[in-house]
Amino acid sequence: MSTLVTRPSAQRLRQLWKTSCEIFQTAYNPDSIRTGNKVLRQKLKGPAVISYYPVESPVKLRHIRAAFPMFKFPNTEDEHRVMMNELRKRRGKGPPKKKEDTGKRRRR
Amino acid sequence: MVAKVPTPGCFLNTMIMRDNFKRHMAAEAEAERRALKYIAYNMTVPVRARIQAQLRLATMPNYTRMNQVKNRCVVSGKGRAVLSEFKMSRHQFRMAAQNGELPGVKRATW
């Protein structure tokens, strides 16, 4: 049945394509010219990239300590650091003694 | 770094500060870069404009490029072996997982 019907001309098919694009609001590019639209189609990822690192908290330990002076808020990290330093000192691994400044200068 | 950028609230070291800065700068310049790239790729635009766009893209500072952004470990600052789902490097991930700090993560056996 389809062999009896003549195929429309290329020009007519193009017209059809163009009208179809107008109706469905798609881009009409019959010669496949590179318009760079694929660059515009990509979603912007700026906000997602910025939100990788967590936001710094505006409330710090010193603010909480100032707001509630009757309570004791331990600074766990600092206490750990001090404890480690004490252990090192016990082992003899503390900072070296500073050389006394005798006032003797090297002659240049 | 001249521009002021909010400080992250995680572990801080130089590399994380630099990466954070790059992220903010790249996000700021993203729209401009996209527009320039579009002009450079568009064959219906006159050649001179395309070349100018390409040149401008090439002369933009490196901290505006998305390529330079690197996912770093949020706990240790390590740049390698970082799992994006947890934002942690493999060792930190292992320690946290074994402590039970990661919900739903357990040793794989099947």
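Residues numbered from 1 in each chain as written. Chains lettered and ligands numbered in written order. Predicted model: local features only at pLDDT ≥ 70, side-chain atom pairs only at ≥ 80, totals over all residues. Heavy atoms only, no water.

Asks: Quick question: what am I supposed to make of the overall build of chain A here?
Replies: Tallying secondary structure elements over chain A gives five helices and zero strands in all. For chain A, the α and β elements follow one another from N to C terminus as α-α-α-α-α. Here the C-alpha atoms of chain A give a radius of gyration of 38 Å, more than 25% beyond the 13 Å that 2.2 N^0.38 yields for 108 residues. Once the C-alpha set of chain A is aligned to its principal axes, its extents read approximately 110 × 60 × 25 Å. Residue burial in chain A is summarised as follows: out of 108 residues, 6% are buried. (Helix = DSSP H or I, 4+ residues; strand = E, 2+ residues; numbered from the N terminus. Rg over C-alpha atoms; globule rule 2.2 N^0.38 Å. Buried < 20%, exposed > 50% of the residue type's maximum accessible area, 1.4 Å probe, protein only.)

Asks: Mind showing me how you'd approach the overall build of chain B here?
Replies: Of the regular secondary structure elements, chain B holds three helices and two strands. If you list the helices and strands of chain B from N to C, you get α-α-β-β-α. Against the globule reference of 13 Å for 110 residues, chain B gives a C-alpha radius of gyration of 20 Å, more extended than a compact globule. Seen along its three principal axes, the alpha-carbon backbone of chain B occupies a region of about 60 × 40 × 20 Å.

Asks: Before we go on, may I ask you to explain the confidence of the model for chain B in this structure?
Replies: A low pLDDT score tells you not to read the predicted coordinates there in detail. When pLDDT is averaged across chain B, the result is 96; 99% of the residues are at 70 or more. Scored as a whole, the predicted complex attains pTM 0.80, and scored at its interfaces, ipTM 0.90. (pLDDT = per-residue confidence, 0-100.)

Asks: How should the side chain of B:Glu30 be read in this particular structure?
Replies: For B:Glu30, the position within the fold is in helix α1 (residues 14–41). Sequence-distant contacts of B:Glu30, defined by excluding residues within four places in its chain, comprise A:Leu44, A:Lys45, A:Gly46 and B:Met66. (Contact = heavy atoms within 4.5 Å.)

Asks: I would appreciate a short explanation of the packing of α1(B) against helix α2 (residues 47–59) of chain B in the present structure.
Replies: For any two helices packed against each other, the geometry is given by the interaxial angle and the distance between the axes. Residue and element names in this part refer to chain B. The interhelical angle for the contact between α1 and α2, taken along N-to-C directions, is 145 degrees, at an axis separation of 8 Å. Crossing hand, α1 versus α2: left-handed. Facing Glu32, Arg33, Leu36, Lys37, Ile39, Ala40 and Tyr41 of α1, the residues of α2 in contact are Ala49, Arg50, Ala53, Gln54, Arg56 and Leu57. Tallied by class, the residues present in the contact of α1 with α2 amount to seven nonpolar, one polar and five charged. (Axes fitted to C-alpha atoms, helices over the stretch in contact; angles between N-to-C directions. Left-handed = near helix turned anticlockwise from the far one by under 90°. Nonpolar A, V, L, I, M, F, W, Y, C, P; charged D, E, K, R; others polar.)

Asks: Can you help me understand the packing of aromatic side chains in this one?
Replies: The description of an aromatic ring pair rests on the distance of the ring centres and on the angle between the ring planes. A full pass over the atoms with the stated rule returns six aromatic pairs over all chains. For the ring pair A:Phe68 and A:Phe71, a centre distance of 6.4 Å and an interplane angle of 45 degrees mean the geometry is tilted. Under the relative-accessibility criterion, A:Phe68 is labelled partly exposed at 39%. Judged by relative accessible area, which is 51%, A:Phe71 ranks as exposed. Note on B:Phe21 and B:Tyr63: the rings are 5.3 Å apart at their centroids and 65 degrees apart in plane angle, and the pair reads as edge-to-face. Within this pair, whereas B:Phe21 is found in helix α1, its partner B:Tyr63 is found in the loop between α2 and β1 (82–83), the two being separated by 42 residues in sequence. Judged by relative accessible area, which is 8%, B:Phe21 ranks as buried. We classify B:Tyr63 as partly exposed; its relative accessible area is 32%. (Phe/Tyr/Trp six-rings, centres within 6.5 Å; stacked < 30°, edge-to-face > 60°.)

Asks: Just to check I follow, could you spell out helix α3 (residues 90–99) of chain B for this structure?
Replies: Note on helix geometry: an α-helix contains 3.6 residues per turn, so any two residues three or four positions apart are oriented the same way. All names here are of chain B. Along α3, the residues that are buried comprise Gln92, Phe93, Ala96 and Ala97. Looking down the long axis of α3, one finds its buried residues gathered within 130 degrees of arc, a one-sided arrangement. Turned more than 90 degrees away from the buried face of α3, the exposed residues are Arg90, Gln98 and Asn99. Close packing links the buried residues of α3 with β1 and β2 (88–89). (Arc of directions from axis to C-beta.)

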